[in-house]
Amino acid sequence: MASQHDYTEGATDADITNAYGGRARERRDSQVSVYGEDMNAVFDGPGHTVLPSSVTTMHRERPPARRASGRQSFSSRHRRRSEDRMSLASPPPDGDSEDMQQSSESDNEPDTQDGVDIATSHTGRSSRRRESMASRSVFENMARLFRSSSPAHSPRALSRASSGRSSRSRRSGSRPSSEWNDYAVDDDESERWGYSSQEEDADSADSLRPEGADIVTSRNVDFGSMPLSPTGSLPFLSNDPFFGDTRIDVEEIPLAMSPPPPLGPPSRQRVHLVDEDLTVRFLGQEIIRYKQRLWTLGSLITFGILGLAGHWFPRVWLRWIAYEKAFKNIRNGFVVAETASRGLVVVALSRIPYPYPMSTVFPDSSLLSIPTPDSALLLEPDSPSGPARNDPETAGQLTVVDYRYTRFILNTEVGLFTTIRDWRDQSWKNIKGVKFGLDETVRKQRSALFGSNIIDIQGKSTVSLLVDEIIHPFYVFQVASIILWSLDDYYYYAFCIALISVMSITTTLVETKTTIARMREMSKFSCDVGVLIDGSFQELNSADLVPGDIVNLSYPEPTFMPADMLLLSGDAIVNESMLTGESVPISKSPIQDVDLLKWRDEGQIEGQVAKGFLYAGTRVIRIRGVTQGSEDAPALALVVRTGFNTTKGALVRSMLFPKPMGFKFYRDSMRFIGVLACIALFGFMASAVQFIRLQVSWNTIVLKALDLVTVVVPPALPATLSIGTSFAISRLRKAGVFCISPSRVNVGGKVNVVCFDKTGTLTEDGLDVLGVRCLERSGDLFGELLSDVHDIPLPAGKTNFLHALATCHSLKVINGEVLGDPLDVKMFQFTNWILEEGRVGASKPRSASERPIALVQMVVRPPGSAGFRLEDALRSGSRHAHFLELGVIRTFEFVSALRRMSVIVKRLKSNSMEIYVKGAPDMMNDICDKDSFPRDYDDLLTYYTNRGFRVIAIAGKSIQGLSWLKAQRMKREQAETDLKFLGLIIFENKIKPATTPAIHALRAAQLGCRMVTGDNARTAISVARDCGILSQSAHVFYPTFLVGDAHTQNAKLQWSSVDDDYLKLDDYSLRPLPPPPHLVEENEIAYPDYALALTGDVFRWMINHAPLETLQRMLVKAQVFARMSPDEKHELVERLQSLGYTVAFCGDGANDCGALKAADVGLSLSEAEASVAAPFTSHTQDIGCMIEVIKEGRAALVTSFSCFKYMALYSLIQFTTITLLYSFGSTLGDFQFLYIDLFIIIPIAIAMGRTLPYPRIHPKRPTASLVSKKVLTSIIGQVLITAGVQFWGFFWVRSRSWYMPPEPQVGSDKLQTSNYENTTLFLLSTFQYILVAAVFSIGPPYRQPMWSNRVLILCIGSLSAFSTFMLLSPPSALAVLLELMTIPLQARVELMAVAAINICLSVGFERWCQGIVAKVVGQLLRRRRRGRRVDGKVYKAVESVY
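Note that the structure is predicted; figures quoted are calculated from it, not measured.

Basis of the calculations
- Residues numbered from 1 in each chain as written.
- Predicted model: local features only at pLDDT ≥ 70, side-chain atom pairs only at ≥ 80, totals over all residues.
- Heavy atoms only, no water.
- Helix = DSSP H or I, 4+ residues; strand = E, 2+ residues; numbered from the N terminus.
- Contact = heavy atoms within 4.5 Å.
- Polar contact = N/O pair within 3.5 Å; in protein donor to acceptor, adjacent residues only side chain to side chain.
- Salt bridge = Lys/Arg side-chain N within 4 Å of Asp/Glu carboxyl O.
- Buried < 20%, exposed > 50% of the residue type's maximum accessible area, 1.4 Å probe, protein only.
- Pairing = 2+ DSSP bridges.
- pLDDT = per-residue confidence, 0-100.

(A) Just the environment of Thr1313, in detail. Here Thr1313 shows up in the loop between α37 (1269-1294) and α38 (1316-1336). C-alpha separation for the pair Thr1313 and Leu1380, spaced 67 residues apart in sequence, amounts to 8.8 Å. In this structure Thr1313 touches Ser1226, Thr1227, Leu1228, Gly1229, Asn1318 and Glu1379, once residues within four positions along its chain are discounted. Of note is the side chain of Thr1313, whose polar atom sits 2.3 Å from the side chain of Glu1379.

(B) Structural view of the pattern of salt bridges. Summed over all chains, the structure comprises 33 salt bridges. Between Asp425 and Arg446 there is a salt bridge, and its shortest N-O distance comes to 2.2 Å. Highlighted residues: Asp425 in the loop between β13 (416-419) and α8 (431-434) and Arg446 in helix α9 (residues 440-450), separated in sequence by 21 residues. Considered together, Asp425 and Arg446 belong to a single accessibility category, that of buried residues. Between Arg731 and Glu1192 there is a salt bridge, and its shortest N-O distance comes to 3.0 Å. One end of the pair, Arg731, is in helix α20 (residues 723-734); the other, Glu1192, is in helix α35 (residues 1184-1222), and 461 residues separate them in sequence. The exposure classification of Arg731 matches that of Glu1192, with both residues buried.

(C) Quick peek at the pairing of strand β43 (residues 1118-1122). Counting buried positions along β43 gives five out of five residues, so the element sits mostly inside the fold. Sheet topology note: the strand β38 (residues 1008-1012)/β43 ladder contains two bridges and is parallel. Residue pairing for β43: Val1012 is matched across the bridge by Phe1121. Bridge count for strand β42 (residues 1090-1095) against β43 is four bridges, and the pairing is parallel. Across the sheet, the residue bridging to Thr1095 is Ala1122, located in β43.

(D) Highlighting the confidence of the model for the protein. Confidence in the prediction for the protein averages 76 pLDDT; 72% of positions are at 70 or higher. When pLDDT is averaged over each element of the protein, strand β26 (residues 753-756) comes out on top at 96 and strand β5 (residues 248-250) at the bottom at 33. Counting contacts from residues 365-392, a segment whose pLDDT is below 50, to residues more than four positions away or on other chains yields 91 contacts.

The following block contains the structure:
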């Protein structure tokens, strides 16, 4: 076996131990790979040093952005630059920093950690906050039928600093500034979602201006288990499960809305939860006992009405029963967590016994998030009042707040809370010191501090869930309506509605309990592990692990990593698909002392720390210990984070508390319902006068007044609005697309920009080796393309191109299978060689009888050599003396900044070693001898890259007499110099068959398509042209730095055409410059179509330093983004959103997780568990599923509009009927109500949602506004038509000769139901309910024609036939049941004719007149707005320039 050969050449035991254990790993912090499609490919090989981008992305490493309060002119050419952050607009008043000192010179910046950032807010600084209000868990969001969303704001403004830059500054140990420069441009509705694609666009196209945003607040409350306190969120303002979450841009609470805090110790504290991207403010509250008792008494006296009011209006309850008090002085109170949008969550204060010194909790304030009060100066770590460092006294007990599964502990010295997520032991100074583990006393102390190492989601009991459902306003309204109907003798109707409500609540409870069980099963994990306690290993359950424990990974070997750990010895191969979505093995190597110190001081998972960091929840593929002599030492790891503080815990928290997004339709629907309620009020006021004149009893008047409200605001309205989304999700599931966030379905209907990853998304997953291009023997030119490894010529020297292909990689062998980066796997398979891993040892054999154990990382042999015996290979003069075996002595891992990797290789029994380097072709000039390049190097490279091929360059050199020990001590800079260029490997990445048709369909629908990849720019441009993202005839301009580089603030870019370097763009306006005189023909073309392509470094520079106008134009015109890191992908998505785009992102790998979560619609093509980070997951591995998501989103959005309009018309039709009947003391009967609601409305509303989406995507997007001209014109027009017909019927029946007026019932408690007016209006209205459904069943261009919905046609046809039958010849039994009067046949025919005329008028108005009226109204509104500023989307203003 290869592992038995000795490559150490006489090195002593001490030399080997020192070389192996103390070798400096000079790997830079890199997550970028030129070998994978995306620069952050997670694999064991090039680019495998990676942070799972699903957890540690750019947006989690920076302070949240807040939009600027001032307006910035779009045409302003003033260049604003800042080395770190600059504020363009004056900050608004900060209500959370009333007593803070104002100082423009203050540079105190918040400490930002992976988990929690507790930041300071200065009055004179523009501290940006982005709100994320999701106080409820995902179970409740899924379970509740009618949850609401917070009011949305305008698009989040453009940050003026690259978050990549922010993350780098944090990683270097500096504190990033909390100031952000945002450029906000609100739309005309001040809503993120509030626009229609082309309908409202025309009104504002001529007057687009930026504007700051208004502050919108809400009262979203979750109050845990406080007595008679709110226990849920107000549905009108919280997350909505089917209309859309709300992406809210946070403005800080102004002084007027935030009274100053009380004097004394701090009672307020601002906290930023990075994992949830949420900024909250803690407020201490002390309960006033006697007021609490009075509130309880009032609730009992009012039969719970007062308690219910406190639940819905929590601030009233809070002001009554509690007052603000310093955290450290609270004795009988709680903490209120208040989001920047005024959402509240009551968090209980708990006190846990802790008989240990406070220094064990706060070892060093520099290692923990620095607590920052709202109304005090920032306490510096070295200040006298700072946290105690070595307090010998015991704490006795700790005051703890557990908020969103994150524990905060009160530091009594400063009176503020500090998170323990990033706690790190001061004694973690070197590996030798931590390898002894912990004693039992320390473990008990840390167990009390951190709790159990288990991710256990707390589920509510069935009774608690039932109470939450019942006290929801939707069900409270239904219960009140049922009681009202029962008092009004509508027993049958009340019973049916009650039965439906019970069934709905039961279904919701079952679904919620099932979801809780599924989530708990997915997140909860424990196993037996060996833990070093008091000097010996003991087998414990992983739930008992605490930070500082030493875990034996070799026995028992875990299936999944039980906690976040640092590998101290041995090696491991794990699968991090749970975090990244990419099922590629990751190799983990032990950390060194310097890495442990870096983790202790900075807490950043990067560089070599990331190479040795074992994430909780990742699947173990292989664990290997270290061989010491003849014995194997176990692989050891240090536990650093447990429970919800782990990376897996952060992922689970992000699922439990998803980032909200805003959808305007829901807000408009609530306002529209309010308008309907006002109509009901006016209608009753008119009817009340008549009731009094008719001497109707007051109790009847009150009942009818309330009954009119239930007529205008039907209790079934919320249920019907979710029908379209439910059917869309069902159809997507059948198509292989699974949705975990129903709210995003409607959002998919508003998408206007789609970003695609390349490899695995647009192109096939695997790369095939097209061939290799070696040098001719002369070395002046490339040889022919060789597709067979046997055709590779033998070299003149010792550096062998074939040997480089076989050794220059980081592949592993697991259970006989070669695993690693797919590109490396393909390259190695091309050679047909055999790979074996070397056994990692720590010493030479102790006796001659022991076989030598080689310190060799990998051994490769040519095919057919497996049959050779070791004795034959070692026997001199043997016929097998030519036995070939190559051992990889050392590997220099891939580094993103260098864009290459290298290996030191020795051939067995050779007296020299060879160094092979594999990397990007464009960086070979820096490390190779210039004379070794062939003359046609640039031409051949350009040929392949322009045609979309992946090209990797190989170089090497031989060093005579290089020993194993010297190889271990060699620096990378020495190894990678004076190399000889050997050749190129050409990889073919084929476009998926479904890619081009899908791109053409999206382009035909005028949807913007962007390619966002980590690949080479020219390769990306070629693929973009082949698949249709770029037009074949379009000029593509690519930037290069003319002055400076990506790190130079005053650098200058030059934009040149990739096809003709003479064609340039103006570096400010990004408009084409006049071509040179000798290209006058190009001037005639006048650049009819051009696009931009740029790389990640240029993108980052433009974010940091380019003028705002240039940046915005780049975002609009650029269609190819190459060499983009995961953080830059995420940043791009947010920048596009800030321009007003609704962005969809489609990807499949680890590099896309951050962008998938940030996008409005994220679609993952990965089936791995990490796909839960994306709202949509497709089992169909091509982008055709994105078209399905958009089509279903549009259909669902239109269906929601149709259902809402239908329910609104149903309410107004019935309101008209009831109002006319009230005028003479009559109303509809019990079974008439029952027939209308249960047999007409509900079946039709359900059937309307079954209409399929239209096969093609229309260029115009459906509107998302209920207050648009078309929607309001349609509703008002139909109301006038139906009301006019009813008024005609009312007066027509009274003018008939056979009409007999009802007998007056003076003083009666009941209204008449059997009269001619009742019969006429009931028969006419039944036709109106049906025809309105047909009118509002919108078909093309977003849904298929109505006749394709067979269920709807069946409902409309059968109900129309039944209504006609009831009108013309009703059976006596039904006539008695429905309390119908006998009408002459001629009169029935006349009513039938009027119903037909009503149908014609409604259909004609909707099809022809409605559009004309809407245009006229639009013109009138534009005339009135002439000269005024009308806000709009930024991208529209930018596009109008071109």
